[in-house]
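These are the residues of each chain, in order.
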Amino acid sequence: MSTYIPDGSIRCENCNSFFNKYVRFETVIDADSYDEASQNALEGIINRVTCPYCKTEFTYENPFMLHSYSCKSIAVAAVSSELVNVSNLSVALKISGAGEWQLRRCDFARDAAEKIRIFKSGLNDAAIELIKLRQFHDYRNMDLYDEYIIFDNLIDNKLIFSLRDYTDNVKDTYEIDMSVYNNTPKLSIPTAKWIKINKRFAIKTEDKLCKRIY
Ligand SMILES: [Zn+2]
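Presented here is an overview of the structure given in this document.

Definitions and cut-offs
- Residues numbered from 1 in each chain as written.
- Predicted model: local features only at pLDDT ≥ 70, side-chain atom pairs only at ≥ 80, totals over all residues.
- Helix = DSSP H or I, 4+ residues; strand = E, 2+ residues; numbered from the N terminus.
- Buried ≥ 20, exposed ≤ 12 C-beta atoms within 10 Å, placed from the backbone.
- Contact = placed C-beta atoms within 7 Å.
- Pairing = 2+ DSSP bridges.
- Axes fitted to C-alpha atoms, helices over the stretch in contact; angles between N-to-C directions.

**A short note on the overall build of the chain**
Link 1 in the chain: Secondary structure assignment for the chain yields 7 helices and 13 strands.
Link 2 in the chain: C-alpha atoms of the chain, sized along the principal axes, occupy 55 × 45 × 30 Å.
Link 3 in the chain: Across the 214 residues that make up the chain, the buried fraction comes to 26%.
Link 4 in the chain: Intrachain contacts of the chain at a sequence separation of at least 6 include 60% that bridge at least 24 residues.

**Regarding the pairing of strand E7 (residues 64-68)**
Link 1 in the chain: The alternating pattern of E7 places Phe 64, Leu 66 and Ser 68 on a buried face and Met 65 and His 67 on a face that is not buried.
Link 2 in the chain: Of the pairings in the sheet, the one linking strand E4 (residues 25-30) to E7 comprises 3 bridges and is parallel in character. Counterpart to Ile 29 in the pairing with E7 is Leu 66.
Link 3 in the chain: Taken together, the 5 bridges between E7 and strand E8 (residues 73-77) define a ladder with antiparallel strand orientation. The partner of Ser 68 across the bridge, within E8, is Ser 73.

**A word on helix H5 (residues 125-135)**
Link 1 in the chain: Taking burial as the measure, the 11 residues of H5 include 8 buried ones, the bulk of the element.
Link 2 in the chain: Every buried residue belonging to H5 is among Asp 125, Ala 126, Ala 127, Ile 128, Glu 129, Leu 130, Ile 131 and Lys 132, and all of these are buried.

**Let's talk about the environment of Glu 43**
Link 1 in the chain: Within the secondary structure, Glu 43 sits in the loop between helix H1 (36-42) and strand E5 (48-50).
Link 2 in the chain: On the basis of neighbour counts, which here come to 13 C-beta atoms within 10 Å, the residue Glu 43 falls in the partly exposed class.
Link 3 in the chain: In sequence terms Glu 43 and Ser 68 are 25 residues apart; their C-alpha atoms lie 14 Å from each other.

**Comments concerning the environment of Asp 138**
Link 1 in the chain: Its place among the elements puts Asp 138 in the loop between H5 and strand E10 (147-155).
Link 2 in the chain: Under the C-beta neighbour-count criterion, Asp 138 is labelled exposed, with 9 such atoms within 10 Å.
Link 3 in the chain: Measuring from C-alpha to C-alpha, the distance between Asp 138 and Arg 200 comes to 14 Å, with 62 residues separating the pair along the chain.

**Topic: the sheet that holds E10**
Link 1 in the chain: Read across the sheet, 3 strands follow the order E10-E11-E12 without closing on themselves; strand pairing throughout is antiparallel. Either end of the sheet is taken by a strand with one partner, and the two such strands are E10 and strand E12 (170-177). Averaged over all adjacent pairs, the angle separating strand axes in this sheet is 25°, with direction ignored.
Link 2 in the chain: Note: strand E11 (residues 158-165) against E12, 7 bridges, orientation antiparallel. Among the inter-strand pairings, Leu 163 is bridged to a residue of E12, identified as Asp 172.

Everything listed is a geometric property; what it means functionally is a separate question.
Encoded structure:
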């Protein structure tokens, strides 16, 4: 586990005030560990700061990596493409025997946490994104900076999703039967490559699937 202390000021996501805080931020977390930091990170409670002016708590988005050996996956957030798009990375992973690892690039730490939850539940993240698009009619035009829908867990054959606001407060929760997942196309996603599987990916895929049907 490594940490990072921001040298600049932090902007509050609620009131837009700038403030300085000497907080240690996690940059790499092992999602298979049972310590508190790891469990919190898996739930998306990562690098939280509280604004001294309006008291709103939110996630400070700094480069962040969550990795899991048990589900052979790594998800990174807020990392520039130059850092992860090392051309011979897939070769290096194959040599090290990690050619089957699923690597995901995400915009936000909460999305990196969601990816690892999806993989730990044995699910396909592209199918989960398609389900969000098909089941939640507001999702296609949702501004993900204001609110978002996220996969929380798989319990008793039900996929649990929640709608959250920009400070990650839960506004609503939804249960979707596993039969919906079983009937959703499973796209095979290349391993050992940094890939973004997000709303944009789901819209592109869905539009392609629709064209094929009509
Ligand atoms: Zn504030």
